[in-house]
Amino acid sequence: MKQLHKQSTMPISHTPKLYSPKSQKHIRSLPRSLTYLLREQRLLFIFVGVLIGSIFFLLQPSVNPLSSATPSADQPPRIFSANRESSVRYQDPNYEHNLGTRNNYRYASGVGRIPVGIGRKRNRIVVTGGAGFVGFDLVDKLIARGDDVIVVDNFFTGRKDNLVHLFGNPRFELIRHDVVEPILLEVDQIYHLACPASPVHYKYNPVKTIKTNVMGTLNMLGLAKRIGAKFLLTSTSEVYGDPLEHPQKETYWGHVNPIGVRSCYDEGKRTAETLTMDYHRGAGVEVRIARIFNTYGPRMCLDDGRVVSNFVSQAIRKQPMSVYGDGKQTRSFQYVSDLVDGLVALMEGEHVGPFNLGNPGEFTMLELAEVVKETIDPSATIEFKPNTDDDPHKRKPDISKAKELLNWEPKISLREGLPLMVNDFRNRILNEDEGKGN
Ligand SMILES: NC(=O)c1ccc[n+]([C@@H]2O[C@H](COP(=O)([O-])OP(=O)(O)OC[C@H]3O[C@@H](n4cnc5c(N)ncnc54)[C@H](O)[C@@H]3O)[C@@H](O)[C@H]2O)c1
């Protein structure tokens with residue numbers, strides 16, 4: 001008992017000052033929250049915690065896994081593809097410019113390392129129809145620029161293969177979805193491309209084409225309104241129909257057959273433009289309208305009835321090139337990267353439009369066939385076929401508005417652009433012959 005008594009008195013004399021009855025008494029006189037903090041060295045633990053947190057955030061940018069996907073000034077962007085086309089894309093001179101801009105942005109404040117969440121704000125962008133021919137190039141450009149991209153596509157004419165090089169990239173997402181149904185996403189910008197563009201495809205199910213243009217555009221405009229996103233519509237030169245004005249300016253209202261076999265597309269796009277302007281005027285949605293003229297390039301569908309892809313595929317397969325009618329109807333052909341530059345300039349600019357985006361170089365179908373012969377096979381032949389209904393006689397954009405307000409004009413001529421798509425077509429036709437085509 002004596003010993004026990006002795007032991008019980010020991011801790012009191014060895015307890016640090018804070019635990020002495022005197023200091024306990026002193027603490028008890030403070031407010032309860034302060035008393036809690038001062039007890040049992042909690043304050044010390046809080047300081048150590050804050051210190052560790054600060055050190056972590058200072059070092060964070062250099063260990064952030066996403067930063068490896070974001071290219072640095074002296075390092076090309078990480079490419080998730082074995083596809084040579086993609087690596088060539090990153091050698092584009094514009095890429096250097098974009099890179100410079102991005103890095104200037106990042107380091108503009110003069111701070112060497114910026115903690116995550118405080119640096120450049122990345123745009124979150126949805127591209128409907130992003131698995132299609134134009135979508136492919138647009139998505140690649142946005143990803144290379146450093147944005148987060150979500151592609152929404154039902155794969156009617158688009159292919160997953162077009163995007164496979166981006167699978168595994170943390171800034172890329174792919175959603176199988178039909179735009180005639182509503183979708184809820186949180187994004188800053190919407191590029192609305194979803195719609196089959198070639199006559200073979202849009203005539204296949206005309207009612208669905210109208211639905212895509214009307215309900216699809218309504219759904220995407222509704223989304224833009226709800227979340228305050230910028231919306232860009234890819235309309236078409238077909239809104240001018242068989243034009244009575246040449247070249248076509250944006251002020252021209254068109255000459256369109258409302259009941260013809262092409263009307264599902266032409267009138268569908270005209271309605272989409274109307275909806276876009278009504279959401280702009282009535283609901284204050286920030287919108288952009290591009291009227292796209294004939295565009296060509298790698299990854300077009302091989303047999304979609306568009307004249308450039310038709311001629312190129314036929315010449316490679318040693319088949320006669322099909323010229324519809326007398327071949328004297330004219331078109332203007334722009335290379336796809338020029339179009340994509342124009343779309344981005346329009347989205348980033350301050351003007352609603354509509355803007356004609358096309359190459360003003362004008363060719364008859366017979367002249368186009370000659371260029372294809374020169375490029376692919378001088379012995380290629382031509383076969384005349386009856387013309388299709390409502391085929392416009394002339395098409396040539398007046399692009400002075402885009403030149404002046406977007407500072408945009410196409411750079412690649414038909415003779416420069418055609419060889420750039422031929423290799424891609426040759427490989428795919430070869431694969432097709434070997435049973436691997438798509
Ligand atoms: N390429 C041109 O020459 C040209 C000319 C004028 C206008 N445009 C417009 O540009 C856009 C893109 O054209 P493109 O040449 O890439 O066409 P494309 O047919 O290659 O691509 C269209 C994409 O939209 C998708 N799509 C179609 N319907 C859809 C739906 N209901 N829901 C979700 N996805 C759907 C397709 O699967 C495809 O991936 C289209 O809106 C087209 O009208 C193109």
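The structure this text deals with has already been given above.
Definitions and cut-offs
- Residues numbered from 1 in each chain as written.
- Predicted model: local features only at pLDDT ≥ 70, side-chain atom pairs only at ≥ 80, totals over all residues.
- Helix = DSSP H or I, 4+ residues; strand = E, 2+ residues; numbered from the N terminus.
- Buried ≥ 20, exposed ≤ 12 C-beta atoms within 10 Å, placed from the backbone.
- Contact = placed C-beta atoms within 7 Å.
- Expected span 1.5 Å × (residues − 1).
- Near = placed C-beta within 6 Å.
- Nonpolar A, V, L, I, M, F, W, Y, C, P; charged D, E, K, R; others polar.
- Pairing = 2+ DSSP bridges.
- Right-handed = clockwise from strand over helix to strand, strands pointing away.
- Axes fitted to C-alpha atoms, helices over the stretch in contact; angles between N-to-C directions.
- Parallel < 35°, antiparallel > 145°, perpendicular 65-115°, else oblique.
- Left-handed = near helix turned anticlockwise from the far one by under 90°.
- Core = buried A, V, L, I, M, F, W, Y, C linked by C-beta atoms within 7 Å.

Draft legend 1. View of the overall build of the protein. Scanning the protein from terminus to terminus reveals 15 helices and 13 strands. Buried positions account for 35% of the 438 residues belonging to the protein. Long-range pairs, those at least 24 residues apart, make up 79% of the contacts in the protein with a sequence separation of at least 6.

Draft legend 2. Here's a closer look at helix α12 (residues 336–348). With 13 residues, α12 ought to run about 18 Å at 1.5 Å a step, and its terminal C-alpha atoms sit 18 Å apart, in line with that. Of all 13 residues that make up α12, eleven are buried, and the element is covered over most of its length.

Draft legend 3. Looking closely at the site of the ligand. Neighbouring the ligand are 29 residues, the closest being Gly-129, Gly-132, Thr-157, Gly-158 and Ala-197. Elements that contribute at least two residues to the shell around the ligand include exactly α7 (133–145), α9 (206–227) and β5 (230–236). Considered class by class, the residues forming the shell around the ligand number 13 nonpolar, 14 polar and two charged.

Draft legend 4. Quick peek at the pairing of strand β1 (residues 124–128). Of all the five residues making up β1, four are buried; the element is thus mostly covered by neighbouring parts of the structure. In this structure, β1 lies alongside strand β2 (residues 148–153), joined through five bridges in parallel fashion. Pairing of Val-126 across the sheet is with Ile-150, part of β2. Running through α7, the crossover from β1 to the neighbouring parallel element β2 is right-handed. Sheet topology places β1 next to strand β4 (residues 189–192); four bridges connect them, and they run parallel. Across the sheet, the residue bridging to Val-126 is Ile-190, located in β4.

Draft legend 5. Region of interest: helix α10 (residues 263–283). Here α10 contains 21 residues, and its C-alpha end-to-end distance of 28 Å stays within 8% of the 30 Å for a straight helix at 1.5 Å per residue. Those residues of α10 lying buried are Cys-264, Tyr-265, Asp-266, Glu-267, Gly-268, Lys-269, Arg-270, Ala-272, Glu-273, Leu-275, Thr-276 and Tyr-279. Among the structural elements, α8 (199–204), α9, β5 and β6 (287–292) are those in contact with the buried residues of α10. Downstream of α10 by a residue or two, Gly-284 has a phi angle that is positive, lying close to 70 degrees.

Draft legend 6. Highlighting the sheet that holds β4. The strand order across the open sheet formed by seven strands is β3-β2-β1-β4-β5-β6-β11, and the pairing between neighbours is parallel. Each end of this open sheet is capped by a strand with a single partner; those strands are β3 (172–176) and β11 (355–357). Each neighbouring strand pair of the sheet contributes to a mean axis angle of 20 degrees, computed without reference to strand direction. With four bridges joining them, β4 and β5 adopt parallel strand pairing. Along β5, the bridge assignment pairs His-192 with Leu-233. Strands in contact with α7 are β1, β2, β3 and β4; relative to β2, the strand with the most contacts, it is inclined by about 160 degrees. Along the sheet, α12 contacts β4, β5, β6 and β11; its crossing angle with β6, the most-contacted strand, is approximately 160 degrees.

Draft legend 7. Region of interest: the packing of α7 against α12. At a minimum axis distance of 9 Å, the contact between α7 and α12 shows a crossing angle of 60 degrees. Judged by the angle between their axes, α7 and α12 are oblique. Judged by the sense of rotation from one axis to the other, the crossing of α7 with α12 is right-handed. Of α12, the residues touching α7 (which contributes Val-134, Asp-137, Leu-138 and Lys-141) are Val-336, Ser-337, Leu-339, Val-340, Leu-343 and Val-344. Per-class residue counts for the contact of α7 with α12 are seven nonpolar, one polar and two charged.

Draft legend 8. Summary view of the nonpolar core. Counting 78 residues, the largest nonpolar core has Phe-231, Leu-343 and Val-372 as its most contacted members. A total of eight residues in this core trace back to one element, the largest contributor, which is α7. With residues near it in sequence (within four places) discarded, Phe-231 still touches Ile-190, His-192, Met-220, Leu-221, Ala-224, Thr-276, Val-285 and Val-287.

Draft legend 9. Expanded view of the environment of Asn-154. As for its placement among the helices and strands, Asn-154 is situated in the loop between β2 and β3. With sequence-adjacent residues up to four places away left out, Asn-154 is seen in contact with Arg-176, His-177 and Asp-178.

Draft legend 10. Structural context of unusual backbone geometry. Of note, the bond from His-246 into Pro-247 is cis; its omega dihedral lies within 30 degrees of zero at -10 degrees. Its place among the elements puts Pro-247 in the loop between β5 and α10. Although it is not a glycine, Lys-318 adopts a positive phi angle of roughly 65 degrees. Assessed through the 11 C-beta atoms surrounding it within 10 Å, Lys-318 is described here as exposed. Look at Asn-407: it is not a glycine, yet its phi comes out positive at around 55 degrees. By the secondary structure assignment, Asn-407 is in the loop between α14 (400–406) and α15 (414–433).

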